[in-house]
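Given next are the chains, with one letter for each unit.
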Amino acid sequence: MFRSLQNGWVLFAILFSLIVIVPIATVGSFVFINEGDTWLHLKETVLLNYITNSLVIALCVFIFSVIIGTMTAWIISMFNFPCCKYIDWLLILPLAIPSYALCYVYSETFGFNGFFSQMFQWLTNSNSYLVNFYSIEGAIFIFTFSLYPYVYILARQSFISQSASYIEISKISGHNLVKIFFKNSIPYARPAIIGGATLVIMETLADYGVADYLGIDTFTKGIYRTWFNLGDINSAGKLSSILLLTVFFVIFIERTSRRKAKYNKNIRNDRPLIKRNLSGFNAYLAITLCLIPVFLGFFIPLITLISWCFKSISYWDLYSFIKIIFSSFSIAFIAAILCMACAIIIVYGLRVNYKFVSPFARIASMGYSIPGAVAAIGILIPIIWMDNNLNIFFSKYFNYSTGLLLSGSLAALLFAYLIRFLALSIQSVENAFIRVPNSLDNAAKVLGATNKNILKNILIKLNINGICLGILVVFVDILKELPATIILRPYDFSTLAIKAHELAMDERLYEASLPLITIIFVCLCPLFVINKITTKYKREN
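Okay, so let's go over this structure. Numbers given for residues are sequential positions, taken from 1 along each chain in its written order. Given that the model is predicted, a residue must reach a pLDDT of at least 70 before its local features are reported, and side-chain atom pairs must reach 80 or more before they are shown or counted; all residues, however, enter totals for whole chains, interfaces and linings. Hydrogens and water molecules were not included; the side-chain quantities draw on all heavy atoms of the structure.

**Quick word on the overall build of the chain**
Along the backbone of the chain there are 25 helices and 2 strands. To sort residues, take the accessible area from a 1.4 Å probe on protein chains only and compare it with the maximum for the residue type: under 20% means buried, over 50% means exposed, and anything in between is partly exposed. A total of 541 residues make up the chain; the buried ones form 51% of that total. Restricting to contacts in the chain with at least 6 residues of sequence separation, those with at least 24 account for 81%. For the chain, the accessible area works out to roughly 26,700 Å², and carbon and sulfur atoms hold 65% of it. Helix and strand labels come from DSSP, where a helix needs a run of H or I of at least four residues and a strand needs a run of E of at least two; each type is numbered from the N terminus. In this analysis, two residues are considered to be in contact whenever any of their non-hydrogen atoms come within 4.5 Å of each other. Only the protein chains shown count as cover for residues, and the accessible areas themselves come from Shrake-Rupley with a 1.4 Å probe.

**Some remarks on the nonpolar core**
Counting 170 residues, the largest nonpolar core has F81, L422 and F433 as the members making the most contacts within it. With near-sequence residues (within four places) excluded, F433 lies in contact with I344, V347, R351, L455, L459, N463 and I467. As used in this record, nonpolar core signifies buried Ala, Val, Leu, Ile, Met, Phe, Trp, Tyr and Cys residues forming a set joined through side-chain atoms within 4.5 Å.

**Thoughts on helix α24 (residues 496–505)**
A large share of α24 lies buried, amounting to 7 of its 10 residues. Where α24 is concerned, the buried positions are L496, A497, I498, A500, H501, L503 and A504.

**Quick word on helix α13 (residues 219–228)**
Judged by how many residues are buried, α13 sits mostly within the fold: 7 of 10 residues are covered. Every buried residue of α13 is accounted for by F219, T220, K221, G222, I223, T226 and W227.

**Considering the pattern of salt bridges**
Any Lys or Arg side-chain nitrogen found within 4 Å of a carboxyl oxygen on Asp or Glu counts as a salt bridge. Tallied over the full model, the rule gives 5 salt bridges. Its salt-bridge partner being D217, residue R225 comes within 3.0 Å of it at the nearest N-O pair. Note that E502 is salt-bridged to R489, the shortest N-O span being 3.1 Å. Here E502 is found in helix α24, whereas its partner R489 is found in the loop between α23 (483–488) and α24, with 13 residues between them in sequence. With a relative accessible area of 29%, E502 lands in the partly exposed category.

**Describing the packing of aromatic side chains**
Pairs were defined over the aromatic rings of Phe, Tyr and Trp, the Trp ring being its six-membered one, requiring ring centres within 6.5 Å. Orientation was assigned from the angle between planes: stacked under 30 degrees, edge-to-face over 60, tilted for the rest. Inspection of the entire model under this criterion finds 25 aromatic pairs. Where F393 meets F394, the ring centres are 5.7 Å apart and the plane angle is 85 degrees; that geometry is what we call edge-to-face. One aromatic cluster is present, built from ring pairs that chain together Y106, F110, F133, F141 and F145.

**Description of a nonpolar patch on the surface**
Patch building starts from residues that exceed 30% relative accessible area and form no salt bridge, then joins like charges within 9 Å and nonpolar side chains (Val, Leu, Ile, Met, Phe, Trp, Tyr) within 5 Å. Taken together, the side chains of L59, I63, F64 and I67 present a nonpolar region at the surface, about 370 Å² in accessible area. Among the secondary structure elements, I63 is positioned in helix α5 (residues 47–78). Take I63: its relative accessible area is 38%, and that puts it in the partly exposed class.

**Observations regarding empty space enclosed by the protein**
For each structure, a 1 Å grid was placed over the protein atoms alone; sets of points admitting a 1.4 Å probe that cannot get out are labelled cavities, open sets with protein on both sides within 12 Å along at least five of seven lines are labelled pockets, and lining residues have an atom within 4 Å of a point. Grid points are joined across faces, edges and corners, and a volume is the space filled by probe spheres set on the points. In total, this model carries 3 cavities of 30 Å³ or more according to the counting rule given. Empty space within the largest cavity amounts to approximately 380 Å³. S99, Y100, E203, K480 and E481 are the residues nearest the centre of the largest cavity, which is lined by 24 residues in total. Of all elements in the fold, only α7 (99–109), α9 (136–161), α11 (177–206), α19 (410–433) and α22 (464–480) reach the threshold of two or more residues within the lining of the largest cavity. Element by element, the count of residues in the lining of the largest cavity is highest for α9, at 4 residues. When residues are grouped by polarity, Ala, Val, Leu, Ile, Met, Phe, Trp, Tyr, Cys and Pro land in nonpolar, Asp, Glu, Lys and Arg in charged, and all others, Gly among them, in polar. Tallied by class, the residues present in the lining of the largest cavity amount to 14 nonpolar, 4 polar and 6 charged.

**Things to note about the state of the cysteines**
Note on terminology: disulfide denotes any pair of cysteine sulfur atoms within 2.5 Å. Scanning all chains against the criterion turns up 0 disulfides. The cysteine C342 is free of any disulfide, with C339 supplying the nearest cysteine sulfur at 7.0 Å. The structure places no disulfide on C523, whose sulfur is separated from the nearest cysteine sulfur, that of C525, by 8.6 Å.

**Observations concerning unusual backbone geometry**
One non-glycine residue, C83, adopts positive backbone phi at about 65 degrees. Classification of C83 by relative accessible area gives partly exposed; the value is 49%.

**What to know about the side chain of S54**
Counting through the fold element by element, S54 comes out in helix α5. Overall, the relative accessible area of 6% leaves S54 in the buried class. Excluding its chain neighbours within four sequence positions, the residues that come into contact with S54 are N49, L205, T218 and F219.

**Some remarks on the packing of α7 against helix α15 (residues 280–312)**
Angular values range over 0 to 180 degrees, each being the angle between N-to-C directions of two axes fitted as lines to C-alpha atoms, with helices fitted over their stretch in contact. Across the interface, α7 lies against α15 with an axial gap of 9 Å and an inter-helix angle of 75 degrees. If you check the angle between α7 and α15, you find them roughly perpendicular. In this structure, α7 contributes L102, Y104, V105, Y106, E108 and T109 to the contact, and α15 contributes F295, L296, G297, I300, P301, T304, L305 and W308. Its residues placed into classes, the contact of α7 with α15 shows 10 nonpolar, 3 polar and 1 charged. Each angle receives one of four descriptions, namely roughly parallel if under 35 degrees, roughly antiparallel if over 145, roughly perpendicular if within 65 to 115, and oblique otherwise.

**Side note on the environment of L390**
Mapping L390 onto the fold places it in helix α18 (residues 372–397). Using a relative accessible area of 28% as the deciding quantity, one classes L390 as partly exposed. Considering only alpha carbons, one finds L390 and L405, 15 residues apart in sequence, at a separation of 8.5 Å. Those residues in contact with L390 that sit more than four places away from it in its chain are T402, L405 and L406.

**Points about the environment of V56**
Within the secondary structure, V56 sits in helix α5. Spatially, the C-alpha atoms of V56 and I136 are 8.3 Å apart, while their sequence positions differ by 80 residues.

**Quick notes on the side chain of E481**
Tracing the sequence through the fold places E481 in the loop between α22 and α23. Discounting chain neighbours no more than four positions away, the residues touching E481 are G372, Y417, R420, F421 and A497.

Nothing here speaks to function; it is all geometry.
Listed below in structure tokens is the structure:
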């Protein structure tokens with residue numbers, strides 16, 4: 001053990017991996033803190049609502065996302081029909097639109113004076129609503145059509161990798177397409193479907209923007225309200241600990257459900273799946289079923305936001321908008337580079353000594369499952385403690401007050417981003433480095449190369465495209481992040497997401513459209529890149 005720690009790469013890989021433990025340990029410690037008056041008040045009034053609303057929304061979004069994502073993935077994987085390859089790509093586009101942007105669009109267009117409500121009132125000659133989006137049902141609709149691509153992407157990949165022999169055996173046994181779907185395709189793709197659905201649940205539980213705008217009491221909104229409105233950090237920490245335990249329970253259920261199951265192909269003559277051609281009514285039905293979630297999750301919100309933008313373009317001052325873009329892009333870019341640098345060190349530590357570093361790297365990969373509000377609570381407590389001790393030290397020995405040196409700056413926000421998105425960077429680097437055989441490292445060492453030279457001149461140079469793609473993906477996710485940013489941002493610091501949410505909360509949705517469109521078009525960039533890489537891979541294979 002101590003000999004392994006003598007290697008600097010292994011030691012730094014372990015240290016960077018352990019930073020994720022800081023917010024987890026901090027939030028977990030709130031379980032043992034005595035209950036105050038605020039916590040007793042929360043237990044008697046709103047705690048049950050937080051639990052019930054969060055679980056109902058998460059469960060319903062889980063069910064509907066699995067249905068939509070699995071159905072569309074199976075249609076795309078099993079059948080050939082007009083525009084199939086374009087619809088395949090269109091189905092992932094809702095990932096480019098943040099859930100809170102979808103929320104603003106549908107709550108307005110289905111509101112009392114909204115386009116769809118006015119049309120309904122004109123057709124029925126009444127003053128009633130068509131749909132009340134300021135409700136749990138509205139939140140379920142928004143999360144479903146915003147997050148189903150997580151299930152679609154993983155399920156589609158699993159369906160495509162399924163052997164044609166399984167389908168042929170089922171057909172010989174007399175099974176129709178419905179039985180094949182439920183008895184063969186679904187069991188084979190279950191790990192992928194459950195994995196995507198787990199991401200959907202975690203994103204739903206971590207949301208703040210939708211719950212805040214629709215006025216729904218959820219855990220994340222409760223954490224923010226308890227901290228900023230009631231001024232009780234201990235009660236906010238207790239809420240965070242409950243939410244964190246819920247997330248870990250979801251992960252535990254997901255991994256337990258596939259612990260003893262085997263999903264490998266046990267067929268000697270494995271052949272790729274051959275798609276069945278559709279025409280006529282069946283082709284139109286397949287196109288319609290696949291395009292409905294695309295229109296509801298992407299085209300309708302995007303067209304609405306663009307129309308709002310043209311109506312409100314005069315509101316924005318060019319200098320102030322460029323300032324917000326610069327602050328958003330700069331903090332996202334710095335955080336993405338920081339995450340990627342730490343990820344490269346961790347993954348190279350895995351490459352040097354996999355057995356020793358692997359448990360710590362898996363801990364670091366848990367960061368993405370921590371909701372932004374929970375990460376903010378877990379980070380701010382130790383940073384405030386460090387601020388207080390630094391202030392005491394400098395006041396005592398140098399007669400100088402440092403003030404809020406860390407918690408009042410961007411350091412806390414960068415730390416939160418590092419913990420939240422380090423897992424994405426690790427996954428990107430791992431997928432890139434795994435293509436380079438270890439024998440290349442050994443050959444370089446024989447020629448006298450150090451670990452630093454191997455990493456710099458071989459691994460990074462050979463995988464620069466994968467590393468840049470990872471930076472782009474993390475950059476986009478940070479750009480959309482709202483809960484951690486709105487809690488930890490310094491005074492007078494704003495991003496596109498925060499500005500859009502502030503304007504939306506003031507019912508100035510038209511003005512909020514420009515920052516949202518900027519986020520959406522930036523988020524489309526990695527989707528275009530990933531699609532190009534996937535298309536090239538399919539062509540080569």
